[in-house]
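# Breakdown of the fold
This is what each chain is made of:
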Amino acid sequence: MKKILRIGWLALVLLFIYVPVLVLAVYSFTDAAMVGGGIGGFSFENYINLFRNDELRGMIFGTVLLAIVCATISTALATAGAIGSFYSKKIPKSLIGAANQIPVVNADIVTGFSICILLIVILRINKDTFIPLGLGHIVLTAPFVYLSILPKLKQLDNSLYEAALDLGATPAQALFKVVIPQLVPGILSGFMLAVTLSLDDYFITTYTKPSTFDTISTYVVNATKGSQTEVKTALWALSTLIFVIVIAAVVTMNLLSVRKGGKNEKV
């Protein structure tokens, strides 16, 4: 009975999470004008409109480019910070860990407003330079990358680093050839998480973006307030594509991790 209840509860949670996405995906392949109305006939028109609309294509390209650039910088900074923190003494390590938790638990709206005041009001950096927007996304994502890498550092066999030094490697060579290769799964997971967070962010982007630039999140909010049915339904297709890409990336990473673990066991 307990096993049945656990499975039932898990199924209920999964349904609650994924059914709305699946409903949206179904509607994206129809000619319906609104979710909840008549489904209508099967159609690829929403996907055609998504890639035919120049404004939508530009918005998607800009959002993805911003996410990749900010995630790359965040990953580099978080990797260096995690390694430095892990090999630090107890008090500095605790302080760095506590400081990293603040952006994680802090509300996005507070972070966005604070970055806006510091960079735009006090330092007078123009929004059109994209510097406030980029720094805002880095501040948002870097702590999560740090938390993705830290568990891999705790699993690390320190004797391998010491052995590399004993065999004549410099600290830099031991770091890049021994330590970092073992952190690759955590680094990749953190990078993917950073990309997802950047794509999803609304509040920080709203406060720091140039007036002529929109990300997917800000564009969706503005589009749902208007009456452009063609744009709204094209965004259903965009949401479905993002969901499919994320699922494919997660499955691929898990399969690679399992395959790598199997090879290590054989060795």
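What counts and how
Residues numbered from 1 in each chain as written. Predicted model: local features only at pLDDT ≥ 70, side-chain atom pairs only at ≥ 80, totals over all residues. Heavy atoms only, no water. Salt bridge = Lys/Arg side-chain N within 4 Å of Asp/Glu carboxyl O. Helix = DSSP H or I, 4+ residues; strand = E, 2+ residues; numbered from the N terminus. Buried < 20%, exposed > 50% of the residue type's maximum accessible area, 1.4 Å probe, protein only. Polar contact = N/O pair within 3.5 Å; in protein donor to acceptor, adjacent residues only side chain to side chain. Contact = heavy atoms within 4.5 Å. Bend = angle between axes of the 7 residues up to and from the residue. pLDDT = per-residue confidence, 0-100. Axes fitted to C-alpha atoms, helices over the stretch in contact; angles between N-to-C directions. Parallel < 35°, antiparallel > 145°, perpendicular 65-115°, else oblique. Left-handed = near helix turned anticlockwise from the far one by under 90°. Nonpolar A, V, L, I, M, F, W, Y, C, P; charged D, E, K, R; others polar. Core = buried A, V, L, I, M, F, W, Y, C linked by side-chain atoms within 4.5 Å.

## Some words on the pattern of salt bridges
Under the criterion given, the structure shown has 3 salt bridges. The salt bridge partner of Arg57 is Asp54, with a shortest N-O separation of 2.5 Å. With Arg57 and Asp54 both in helix α3 (residues 54-86) and 3 residues apart, this pair spans about one turn of that helix. The salt bridge involving Lys209 is made with Asp214; its shortest N-O contact spans 3.6 Å. Residue Lys209 is classed as buried on the basis of its relative accessible area of 14%.

## A word on the side chain of Thr218
Locating Thr218 in the fold gives a position in helix α10 (residues 216-225). Among the residues examined, Thr218 registers a relative accessible area of 2% and is labelled buried. A distance of 3.0 Å separates a polar side-chain atom of Thr218 from the backbone nitrogen of Thr215. Setting aside anything within four residues of it in sequence, one finds Thr218 in contact with Tyr202, Thr205, Thr206 and Lys209.

## Let's talk about helix α8 (residues 171-200)
Along its length, α8 shows its largest kink, about 55 degrees, at Val184, and proline Pro185 lies within four residues downstream of that point. Residues of α8 that are buried include every one of Ala174, Val179, Leu183, Gly186, Ile187, Gly190, Ala194, Val195 and Ser198, and no others. Where α8 is buried, its residues touch α3, α6 (131-154) and α7 (158-166).

## Points about the confidence of the model for the chain
Taken residue by residue, the chain gives an average pLDDT of 86. The fraction at 70 or more is 94%. Within the chain, the element-level pLDDT minimum falls on helix α11 (residues 229-266), averaging 78, and the maximum on α6, averaging 93.

## Observations regarding the packing of α6 against α8
One way to put it is that α6 packs onto α8 with a least axis distance of 8 Å and a crossing angle of 155 degrees. As far as their axial angle goes, α8 and α6 are roughly antiparallel. Where α6 crosses over α8, the two elements pack in a sense that is right-handed. Seen from α6, the contacting residues are His137, Leu140, Thr141, Phe144, Val145, Ser148, Ile149, Lys152 and Leu153; seen from α8, they are Leu183, Pro185, Gly186, Ile187, Gly190, Leu193, Ala194, Leu197 and Ser198. The class makeup of the residues in the contact of α6 with α8 is 11 nonpolar, 6 polar and 1 charged.

## So, the nonpolar core
One recurring pattern in soluble globular proteins is that nonpolar side chains are buried together. Ranked by size, the top nonpolar core spans 17 residues in total, and within it Ala82, Val145, Tyr146, Ile149, Leu153 and Leu183 carry the most contacts. For this core, the element with the highest residue contribution is α3, accounting for 6 residues. Every residue in contact with Tyr146, bar those within four places of it in the chain, is listed here: Ala78, Gly81, Ala82, Ser85, Ile96, Gly97 and Asn100. Among the nonpolar cores identified, the runner-up in size contains 13 residues, and Leu50, Met59, Ala234 and Leu235 belong to it.

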